[in-house]
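Each chain, written out:
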There are 2 protein chains.
Amino acid sequence: MDSHIAAVPLEKAYRLLNHGPSILVSARHDGIDNVMAAAWACALDFAPPKLTVVLDKATRTRALVEGSGTFVIQVPTAAQLQLTHAVGTHSLDAQPDKLARAGVQLFQMEGVEAPCVAGCSAWLACRLIPEPHNQAAYDLFIGEVVGAWADTRVFRDGHWHFEEADPSWRSLHYIAGGRFYAIGEALDAQQ
Amino acid sequence: MDSHIAAVPLEKAYRLLNHGPSILVSARHDGIDNVMAAAWACALDFAPPKLTVVLDKATRTRALVEGSGTFVIQVPTAAQLQLTHAVGTHSLDAQPDKLARAGVQLFQMEGVEAPCVAGCSAWLACRLIPEPHNQAAYDLFIGEVVGAWADTRVFRDGHWHFEEADPSWRSLHYIAGGRFYAIGEALDAQQ
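Here is what the cut-offs are and how they apply
- Residues numbered from 1 in each chain as written.
- Chains lettered and ligands numbered in written order.
- Predicted model: local features only at pLDDT ≥ 70, side-chain atom pairs only at ≥ 80, totals over all residues.
- Heavy atoms only, no water.
- Helix = DSSP H or I, 4+ residues; strand = E, 2+ residues; numbered from the N terminus.
- Buried < 20%, exposed > 50% of the residue type's maximum accessible area, 1.4 Å probe, protein only.
- Contact = heavy atoms within 4.5 Å.
- Lys, Arg positive; Asp, Glu negative; His and termini not counted.
- Charge placed at Lys NZ, Arg CZ, Asp CG, Glu CD.
- Polar contact = N/O pair within 3.5 Å; in protein donor to acceptor, adjacent residues only side chain to side chain.
- Least-squares fit on C-alpha atoms with pLDDT ≥ 70 in both.
- Pairing = 2+ DSSP bridges.
- Axes fitted to C-alpha atoms, helices over the stretch in contact; angles between N-to-C directions.
- Phe/Tyr/Trp six-rings, centres within 6.5 Å; stacked < 30°, edge-to-face > 60°.
- Salt bridge = Lys/Arg side-chain N within 4 Å of Asp/Glu carboxyl O.

## Remarks on the overall build of chain A
Each helix and strand in chain A was counted, giving four helices and 14 strands. In terms of overall dimensions, chain A has C-alpha extents of about 45 × 35 × 35 Å along its principal axes. Here chain A, with 191 residues, has 61% of them falling under the buried criterion. A sequence separation of at least 24 residues applies to 67% of the contacts in chain A between residues at least 6 apart. Charge centroids of chain A, computed over 14 positive and 21 negative side chains, lie 3 Å from each other.

Listed below in structure tokens is the structure:
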């Protein structure tokens, strides 16, 4: 494992998603790996940590998540702008070499079944909590976070350090039509 | 209505939330108004637009949403940093003058039952889609967006203009312990 990757305590895992970044969903089933980008992922609970993610019926990743019952949510960086857009706009069905074309490098986090995307800032390994009505009616999937890791160059001691890290580490926040915003300036409310 | 506020076509309403800002939830029931901040809100569908928001059982706002079946999700600005933190950390039960103390000014959007918070950048009027299991098991509420508006100084023609607007208009993205990040630089992926 990359020497910069460190485990994040589960009770602080929500912080990896709390600022609403666009994310990458990765999954593996029956020897097939896939990765897609999604803007509609959100923390759902603190302990045990849970999250929601919307997976359209047209996506191949959804079938892998349903088949395997596990997935990884990871936070891509500004350096991965093109990769993120590419895996969000191309389908594995239409483009079998989608991952290679997008420049995705996969690695295995110890003890995690689904593949992880190298170069991200954070990874949340999830176990699907089956909710057939939500999945069918809303494309809404709930995961329990069973492991969390981050790159210590931008998240350490339970906090993001975007303001000190190189701007290439900033999270991406998608709007539409290829337009993202990077996360910006730190602002501290008076307690 | 403030002359800068303009309706947003419902098919573009998802863009108001797509970048994952922390939001304010407002609701009214039986003559009681309340506003709370939440980081766990997310777009759920395009057409008709839907969203999810997590409302803890301890919040007064949740009871107002359950009672009235309507609520407004609005996007606060960097200028509202202290207001946002205040309505996210104080409860109406413990502090009956919570809204006045936080500096919240409410107004009515025409045709919307729930009150709106002045000074925000965008407003999404929602009708609760009752899902008792999600509400009880996960504190997860689903709303259909029935009206959307934005302040044209920062969102117009279906797009955010954070990069041209004054920085005080930037959206807020909460982490923990009073630490927010403002949204940052625009990044365009090559198509």
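## Digging into the side chain of D139 of chain A
Residue and element names in this part refer to chain A. In this structure, D139 sits in the loop between α4 (132-138) and β10 (140-151). By relative accessible area, which is 12% here, D139 ends up buried. A distance of 2.5 Å separates the side chain of D139 from the side chain of K57, its partner in a polar contact. Setting aside its immediate chain neighbours within four residues, D139 contacts V53, V54, L55, D56, K57, R62 and N134.

## Observations concerning the relation of the copies chain A and chain B
The transformation that overlays chain A on chain B combines an axial shift of 0.0 Å with a rotation of 180°, and the residual RMSD is 0.0 Å. The superposition operator between the copies reduces to a two-fold rotation axis. Mapped onto chain B, 100% of the interface residues of chain A again fall at the interface, so both copies present the same surface.

## Description of the sheet that holds strand β14 (residues 179-188) of chain A
With antiparallel pairing, four strands are arranged side by side in an open sheet as β13(A)-β14(A)-β14(B)-β13(B). Strands at the two margins of the open sheet, each flanked by one partner only, are β13 (172-176) of chain A together with β13 (172-176) of chain B. Within the sheet, the average angular offset between the axes of one strand and its neighbour, ignoring direction, is 40°. Where β13 of chain A meets β14 of chain A, four bridges bridge the pair, whose relative direction is antiparallel. Each bridged residue has a counterpart across the sheet, and for L172 of chain A the counterpart in β14 of chain A is A182 of chain A.

## Notes on the packing of aromatic side chains
Enumeration according to the criterion identifies 16 aromatic pairs over all chains in this entry. With 4.5 Å between their ring centres and 55° between their planes, Y174 of chain A and F180 of chain A make a pair best called tilted. Taken individually, Y174 of chain A and F180 of chain A each receive the classification buried, so the pair is uniform in this respect. Site record: aromatic cluster; members linked through ring pairs are F155, W160 and F162 of chain A together with Y181 of chain B.

## Quick word on the environment of L99 of chain B
All names here are of chain B. Note that L99 resides in helix α3 (residues 98-102). Assessed through its relative accessible area of 12%, L99 is described here as buried. Apart from residues no more than four positions distant in its own chain, L99 is found in contact with D33, N34, V35, V87, V104 and L106.

## Considering the pattern of salt bridges
As enumerated under the stated definition, the model contains 24 salt bridges over all chains in all. D45 of chain A is the partner of K50 of chain A in a salt bridge, and the nearest nitrogen-oxygen pair spans 3.4 Å. Between D139 of chain B and R62 of chain B there is a salt bridge, and its shortest N-O distance comes to 2.7 Å. Taken together, the residues span a long stretch of sequence, with D139 of chain B in the loop between α4 (132-138) and β10 (140-151) and R62 of chain B in helix α1 (residues 60-68) at a distance of 77 residues. When sorted by exposure, D139 of chain B lands in the same class as R62 of chain B, which is buried. Linked through salt bridges whose partners overlap, the residues forming this network are K57, R62, E66 and D139 of chain A.

## Focus on the pairing of strand β6 (residues 70-75) of chain A
All names here are of chain A. Counting buried residues in β6 gives six out of six residues, a clear majority hidden from the surface. Residue alternation in β6 divides its side chains into two sets, T70, V72 and Q74 and F71, I73 and V75, and both sets are buried. Pairing analysis gives three bridges linking strand β2 (residues 23-29) to β6, with the strands arranged antiparallel. Counted as the bridge partner of S26 is V72 from β6. For β6 and strand β9 (residues 122-129), the ladder comprises six bridges, and the chain directions are antiparallel. Following the sheet pairing, T70 is matched in β9 by R127.

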